[in-house]
Amino acid sequence: MLFRSQEKRQADNCSRYVEPGLGNGVGDPYITTLDLTTYTFNGVGEFWMIQSTDFSMQARMEVYIDPATGRPTNSSVFTAFVMRDAETKIQIELTPTGVVDIRLDDELVAFIHETEDEEESEEHIIPTKSGSISSSRTDRTFAISFNLGYTFRITQIDDDSVGSGSSSSFGILAFASESRIGRAGGGLFGYYDRNPENDLRTPDGAAVAPDSPLSMIHYEFGLKWMVSAAVESLFL
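Residues numbered from 1 in each chain as written. Predicted model: local features only at pLDDT ≥ 70, side-chain atom pairs only at ≥ 80, totals over all residues. Heavy atoms only, no water.

A. Region of interest: the packing of aromatic side chains. Using the criterion set out here, one finds eight aromatic pairs in the structure. With 6.1 Å between their ring centres and 15° between their planes, Phe-55 and Phe-152 make a pair best called stacked. Of this pair, Phe-55 sits in the loop between β4 (45–51) and β5 (56–65) while Phe-152 sits in strand β13 (residues 150–157); the two residues are 97 residues apart in sequence, bridging distant segments of the chain. Of the two residues, Phe-55 and Phe-152, neither departs from the other in class, the shared state being buried. Taken together, Phe-55, Phe-146, Tyr-150 and Phe-152 form an aromatic cluster joined through their ring pairs. We note Arg-201 situated over the ring of Tyr-191; from NZ or CZ to the ring centre the distance is 3.9 Å. (Phe/Tyr/Trp six-rings, centres within 6.5 Å; stacked < 30°, edge-to-face > 60°. Helix = DSSP H or I, 4+ residues; strand = E, 2+ residues; numbered from the N terminus. Buried < 20%, exposed > 50% of the residue type's maximum accessible area, 1.4 Å probe, protein only. Lys NZ or Arg CZ within 6 Å of the ring centre and 35° of its normal.)

As structure tokens, this is what we get:
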């Protein structure tokens, strides 16, 4: 039986392999789209990261406070994300004290890194209707996956000069599968179609060149993706 199975199965030389879309966002913030276009956008408020017919993702960006002076800067940081498909909604946010709250369908969830032997485990996984949420004990990273073809790795970052607390922010890595090409809609993670030249597309379809001045990217692209009304916000 095993021999017949191997005989019928054609060899796969990986020639059909397609690399996933890979985006990220951290700090200033510097954002890289799923088609690997990098730009800077210092927005403050709630913004669409991905907006499509079957999947939505928003981010909350706040002014970065300089820990040395206690004064606001011209930079902003990620402090919360929320994402939703037809079956599942997941929200992750930083509280004012630097604690990470995660809500699954608007209910708080808790991660307990213990096994049946009461020993700490490296990772704890919570299944959802659409995928899973996992937490890493060692590096404060949370992985959120959706069966549609998205995985997000969100890491809590503390400012070294003050330790944990009000200076915390999030960094994010976003992965999109081949199935999302041309279906990821738009948002700050760009228009995912393997063409980086049209990544910075506004909600009305206008494209801003990736090498445009920072002010043009800010006003003509980034701010266009601000959540415009409370009824549009996915945050609880």
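B. Here's a closer look at the pattern of salt bridges. Going through the model one piece at a time under the given rule, you end up with six salt bridges. Two residues, Arg-180 and Asp-54, come together in a salt bridge whose shortest N-O distance is 2.8 Å. Of the two residues, Arg-180 sits in the loop between β14 (169–176) and α2 (214–221) while Asp-54 sits in the loop between β4 and β5, which places them 126 residues apart along the sequence. Residue Arg-183 is joined to Asp-54 by a salt bridge in which the shortest nitrogen-to-oxygen separation is 3.2 Å. Of this pair, Arg-183 sits in the loop between β14 and α2 while Asp-54 is found in the loop between β4 and β5, placing the two residues 129 residues apart along the sequence. Judged by its relative accessible area of 47%, Arg-183 is partly exposed. (Salt bridge = Lys/Arg side-chain N within 4 Å of Asp/Glu carboxyl O.)

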